[in-house]
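Residue-level structural notes
Residues per chain, in single letters:
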Amino acid sequence: MSTPPTPMAFRQRAAAYVLRSSPGRPVEVLVLVHRDHPEAGVQVPGGGAHPNETPAEAAVRETVEETGVRGAVFAEVLGNTLLRTPGSFEGVQVTTYSWLSTEDPRDAWDHTIVSDDGDHGIRMRCEFRPAASAAIDWGHDRFLPQAVARHAAARGRQGLDLLG
């Protein structure tokens, strides 16, 4: 009798491209910068999923907690990345990227994270930027072109030149 495989320890994360568009303007993506730690770079909303929470639910929750954006609506999952994570969590991190839409009219605002975890109280600068020049760090822009194309298709707009 063979020994069953041992499941690999992993952490499920969700990351969200929150997109908006208006006539005559390129699709914009919501980015955030840590006000007290700008060296953390330009990021998109994201974080660990709670037990029994789907990646879609985590994407919406993390977006609202980290940005306070209004009217974020889940659209679809785009893909996953797999990363070995030495350090605080020994194992593998699976990040599921999704896109959400919003009609929030604000271009930029400051937000303090409201959550029940270690991020509570962190201050963020939230900004909508044209997707083509969003300057998202750490490779988290991997699925952004797909998100923009899907958003454009959902809005009935043609062409992949919406990035700029």
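Quantities reported herein were computed from a predicted structural model and do not represent experimental measurements.

**Quick word on the overall build of the chain**
Helix and strand counts for the chain stand at 2 helices and 8 strands. Helices and strands appear in the chain in the N-to-C order β-β-β-β-α-β-β-β-β-α. Over its C-alpha trace the chain gives a radius of gyration of 17 Å, about what one expects of a compact globule, namely 15 Å for 164 residues. Over its C-alpha atoms, taken along the principal directions, the chain stretches across nearly 65 × 35 × 25 Å. Across the chain, contacts joining residues at least 24 apart in sequence account for 67% of those joining residues at least 6 apart. Counting only carbon and sulfur atoms, one obtains 55% of the accessible surface of the chain, whose full area is about 8,900 Å².

**Let's talk about the packing of aromatic side chains**
This structure, assessed with the given rule, holds 3 aromatic pairs. Grouping aromatic residues by their ring pairs yields a cluster made of Tyr 17, Tyr 97 and Phe 143. Its end group placed over the ring of Phe 128, Arg 20 keeps NZ or CZ at 4.0 Å from the ring centre. Above the face of the Trp 109 ring, Arg 106 is positioned so that its terminal group lies 3.9 Å from the ring centre.

**Some words on the environment of Val 64**
Among the secondary structure elements, Val 64 is positioned in helix 1 (residues 55-67). We classify Val 64 as partly exposed; its relative accessible area is 41%. Sequence separation between Val 64 and Val 33 is 31 residues, and the spatial gap between their C-alpha atoms is 15 Å.

**Comments concerning the nonpolar core**
Tyr 17, Leu 19, Val 29, Ile 136 and Leu 144 are the most contacted members of the largest nonpolar core, which totals 19 residues. Elements represented by at least two residues in this core include exactly strand 1 (10-20), strand 2 (28-34), strand 6 (92-101) and helix 2 (144-154). Counting 15 residues, the second largest nonpolar core, distinct from the first, contains Ala 16, Leu 32, Ala 72 and Ile 113.

**A look at the pattern of salt bridges**
Overall, the coordinates contain 14 salt bridges when judged by the stated rule. Residue Asp 104 is joined to Arg 106 by a salt bridge in which the shortest nitrogen-to-oxygen separation is 2.8 Å. According to the relative accessible area criterion, Asp 104 is buried, its value standing at 2%. Where Glu 127 meets Arg 125, a salt bridge forms, and the shortest distance between an N and an O atom there is 4.0 Å. Note on Glu 127: relative accessible area 22%, which makes it partly exposed. The network of salt bridges with common partners includes Arg 35, Asp 110, Arg 125, Glu 127 and Arg 129.

**Thoughts on unusual backbone geometry**
Positive phi values are uncommon outside glycine, yet Ala 135 reaches one of about 55 degrees. Here Ala 135 shows up in the loop between strand 8 (123-130) and helix 2. Phi is positive for Trp 138, close to 65 degrees, though the residue is something other than glycine. By the element assignment, Trp 138 lies in the loop between strand 8 and helix 2.

**Some remarks on the confidence of the model for the chain**
When pLDDT is averaged along the chain, the result is 89; 91% of the residues meet or exceed 70. Residue range residues 158-164 is modelled with pLDDT below 50. Its contacts to residues more than four positions away, or to other chains, number 11 contacts.

**Things to note about the pairing of strand 2**
Judged by how many residues are buried, strand 2 sits mostly within the fold: 7 of 7 residues are covered. Residues Glu 28, Leu 30, Leu 32 and His 34 of strand 2 are buried on one face, and the alternating residues Val 29, Val 31 and Val 33, pointing to the opposite face, are buried as well. Where strand 2 lies against strand 8, 7 bridges are found, and the strand directions are antiparallel. Among the inter-strand pairings, Glu 28 is bridged to a residue of strand 8, identified as Pro 130.

**Quick look at the side chain of Ser 98**
Summarising the element assignment, Ser 98 is placed in strand 6. Of the residues examined, Ser 98 reaches a relative accessible area of 0% and is grouped as buried. Each residue touching Ser 98, except ones within four places of it in the same chain, is listed here: Ala 15, Ala 16, Tyr 17, Ala 59, Phe 74, Glu 76, Val 77 and Leu 78.

Parameters and conventions
Residues numbered from 1 in each chain as written. Predicted model: local features only at pLDDT ≥ 70, side-chain atom pairs only at ≥ 80, totals over all residues. Heavy atoms only, no water. Helix = DSSP H or I, 4+ residues; strand = E, 2+ residues; numbered from the N terminus. Rg over C-alpha atoms; globule rule 2.2 N^0.38 Å. Contact = heavy atoms within 4.5 Å. Areas by Shrake-Rupley, 256 points an atom, 1.4 Å probe, with all protein chains shown as cover. Phe/Tyr/Trp six-rings, centres within 6.5 Å; stacked < 30°, edge-to-face > 60°. Lys NZ or Arg CZ within 6 Å of the ring centre and 35° of its normal. Buried < 20%, exposed > 50% of the residue type's maximum accessible area, 1.4 Å probe, protein only. Core = buried A, V, L, I, M, F, W, Y, C linked by side-chain atoms within 4.5 Å. Salt bridge = Lys/Arg side-chain N within 4 Å of Asp/Glu carboxyl O. pLDDT = per-residue confidence, 0-100. Pairing = 2+ DSSP bridges.

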